Amino acid sequence: MRTLLLFTRDLRVHDHPALAAAAHEGDVLPLFVLDPRLLQRSPNRSSFLIGSLHDLHAALSSRGTPLVIRRGDPAEVAVALARRHRCDAIHVTSDVTSAAAGRLQALHGSGITVRTFPGNEVISPGAIAPAGEDAYRVFTPYLRAWSNATQRPPAPTPRRITPVEGVTPGRLPAPVRPTASTLPTAGEVAGRRVMRAFVRRGLDRYGEDRDRLDLDPTSHLSPYLRFGSVSPVELAALASERGGDAFVRQLAWRDFFRQLVAAEPRRTRDDLRPGRAPRWRRDPGGFDRWTRGATGVDLVDAAMVQLLDEGWMPNRARLVAASYLTRTLEIDWRLGAAHFDRHLVDGDPASNIGNWQWVAGTGANPRRGTALNIDRQARRFDPQGGYTSRYLRLSTSR
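Treat the numbers as computed from the prediction; the structure is a model and nothing was measured.

A. A look at the overall build of the chain. A tally of helices and strands in the chain yields 17 helices and five strands. Each principal axis of the C-alpha distribution contributes one length, and for the chain these read about 60 × 50 × 45 Å. Burial statistics for the chain: of 398 residues in total, 56% are counted as buried. A sequence separation of at least 24 residues applies to 81% of the contacts in the chain between residues at least 6 apart. Summed over all atoms, the accessible surface of the chain reaches about 17600 Å², with 48% contributed by carbon and sulfur. Seen as two clouds, the 57 positive and the 41 negative side-chain charges of the chain have centres 1 Å apart.

Now the structure itself:
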């Protein structure tokens, strides 16, 4: 049995169901296709992606096969390579975006057996759904069903992978310079190290302190989840074992937004509740000041400077910045989401759009809600001003 395994956003060897099945059944051709269209979207994510590919190549090579690199359209390249090397099947981890749906459709049209596997969520989209509907639109009933659903066990990690012979591996991509001054170390090795450190030292205080901007209590695992360098199933199991219910709830939020997009991929562009959308204002100057962290509102500016400098910001800072743009300036959330998407190293279409629509009142929030009181947010989550002063000082030095 020869299997071509098409890696996408599942860049790991631990708990990788598609890899485990392919390695168990026979020879494996592990492939990643660099799509120029995606590489142009975010220098920060491209930089992290390339580091992750180098790490994945090392992990696969130590088990007997290099990572094969090609460039072009992922489905076209995968089908051509599978035919050239007489592969019996193509394995791919399921994903939720319209690009992933198009890719899967093209693979199925090849006539080669295509098998999809879970791996990007704790509970796969479609595994739970309300009666007569394609997805949950409100989080609370979703969380109830999600918590009661049966989680799959982690897939075994192959010790040895037999390669398909005669395949030229191709050249790993050169590093890409990010726009951020600093990014986390990419790859599964680093991701698992961050995961273990958080579970040991950060999980206990996460529930109480997770929104404190001055304490930095977050897990910093979101880039690794974005690229699949860390398994959400493994992470949920580790956190649950140590009583980390508040953190596990955040993984449920991630799955919630993904099941919404899986049911209707256009939800990354269109309002879930369009009837709530206000008449957005055109304010190019206000938007520009917001992107640069120059609004004159200290907490908002600090958050936006952190985004530019680190390619990342904690969730509370994202909510504050999004609320100011959509509720105070009344600027379309799509503009803010696109700016975040360009800079966030963990930028994920489902979570990014889901959170923006939530804040704007056009998404899964059961109520339209109101603008966050920025002064109150600062007093609650940055009471000594440490977070704000740190990034405002950085702003003046840029």
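B. Representation of the packing of aromatic side chains. Applying the stated criterion across every chain yields a total of 19 aromatic pairs. On the basis of an interplanar angle of 55° and a centroid distance of 5.4 Å, the ring pair of tyrosine 142 and phenylalanine 256 is categorised as tilted. Residue tyrosine 142 is found in helix α6 (residues 139-148), and its partner phenylalanine 256 is found in helix α10 (residues 245-263); the two are separated by 114 residues along the sequence. Here tyrosine 142 and phenylalanine 256 have matching classes, each one buried. By relative accessible area, phenylalanine 256 is classed as buried at 0%. Grouped by ring-pair contacts, the aromatic residues Tyr136, Phe139, Tyr142, Trp253, Phe256, Phe257 and Trp358 constitute a single cluster. Sitting above the plane of the phenylalanine 227 ring, arginine 226 keeps its charged end 4.7 Å from the centroid.

C. Layout of the pairing of strand β5 (residues 113-117). Bridging between strand β4 (residues 89-93) and β5 involves five bridges; their strand directions are parallel. Of the residues in β5, the one forming a bridge with histidine 91 is arginine 115. Each parallel crossover has a hand, and the one from β4 via helix α5 (residues 98-108) to β5 is right-handed.

D. Quick look at the environment of tryptophan 290. Checked against the element boundaries, tryptophan 290 lands in helix α11 (residues 284-292). What makes tryptophan 290 buried here is its relative accessible area of 0%. Those residues in contact with tryptophan 290 that lie beyond four places of it in its chain are Thr295, Val300, Met304, Ala321, Tyr324, Leu325, Gly336, His339, Phe340 and Trp356.

E. Molecular detail of a positive patch on the surface. Together, Arg193, Arg196, Arg200, Arg201 and Arg242 give the surface a local cluster of positive charge. Considering the arrangement of structural elements, one finds arginine 193 in helix α7 (residues 188-209).

F. Expanded view of the packing of helix α12 (residues 298-310) against helix α13 (residues 315-328). Their axes nearest at 9 Å, the elements α12 and α13 cross at an angle of 115°. The element α12 and its partner α13 pack so that their crossing is left-handed. In this structure, α12 uses Leu299, Val300, Ala303 and Met304 to contact α13, whose residues at the interface are Ala317, Val320, Ala321 and Tyr324. Classifying every residue of the contact of α12 with α13 gives eight nonpolar, no polar and no charged.

G. The arrangement of unusual backbone geometry in detail. Here the phi dihedral of histidine 220 falls at roughly 60°; this positive angle occurs in a residue that is not glycine. As for its position among the elements, histidine 220 is in the loop between α7 and α8 (222-226). You can call histidine 220 partly exposed: its relative accessible area is 31%. Phi at glutamate 330 is positive, roughly 60°, even though this residue is not glycine.

Rules behind the numbers
- Residues numbered from 1 in each chain as written.
- Predicted model: local features only at pLDDT ≥ 70, side-chain atom pairs only at ≥ 80, totals over all residues.
- Heavy atoms only, no water.
- Helix = DSSP H or I, 4+ residues; strand = E, 2+ residues; numbered from the N terminus.
- Buried < 20%, exposed > 50% of the residue type's maximum accessible area, 1.4 Å probe, protein only.
- Contact = heavy atoms within 4.5 Å.
- Areas by Shrake-Rupley, 256 points an atom, 1.4 Å probe, with all protein chains shown as cover.
- Lys, Arg positive; Asp, Glu negative; His and termini not counted.
- Charge placed at Lys NZ, Arg CZ, Asp CG, Glu CD.
- Phe/Tyr/Trp six-rings, centres within 6.5 Å; stacked < 30°, edge-to-face > 60°.
- Lys NZ or Arg CZ within 6 Å of the ring centre and 35° of its normal.
- Pairing = 2+ DSSP bridges.
- Right-handed = clockwise from strand over helix to strand, strands pointing away.
- Patch = residues over 30% accessible without salt bridge, like charges linked within 9 Å, V, L, I, M, F, W, Y side chains within 5 Å.
- Salt bridge = Lys/Arg side-chain N within 4 Å of Asp/Glu carboxyl O.
- Axes fitted to C-alpha atoms, helices over the stretch in contact; angles between N-to-C directions.
- Left-handed = near helix turned anticlockwise from the far one by under 90°.
- Nonpolar A, V, L, I, M, F, W, Y, C, P; charged D, E, K, R; others polar.

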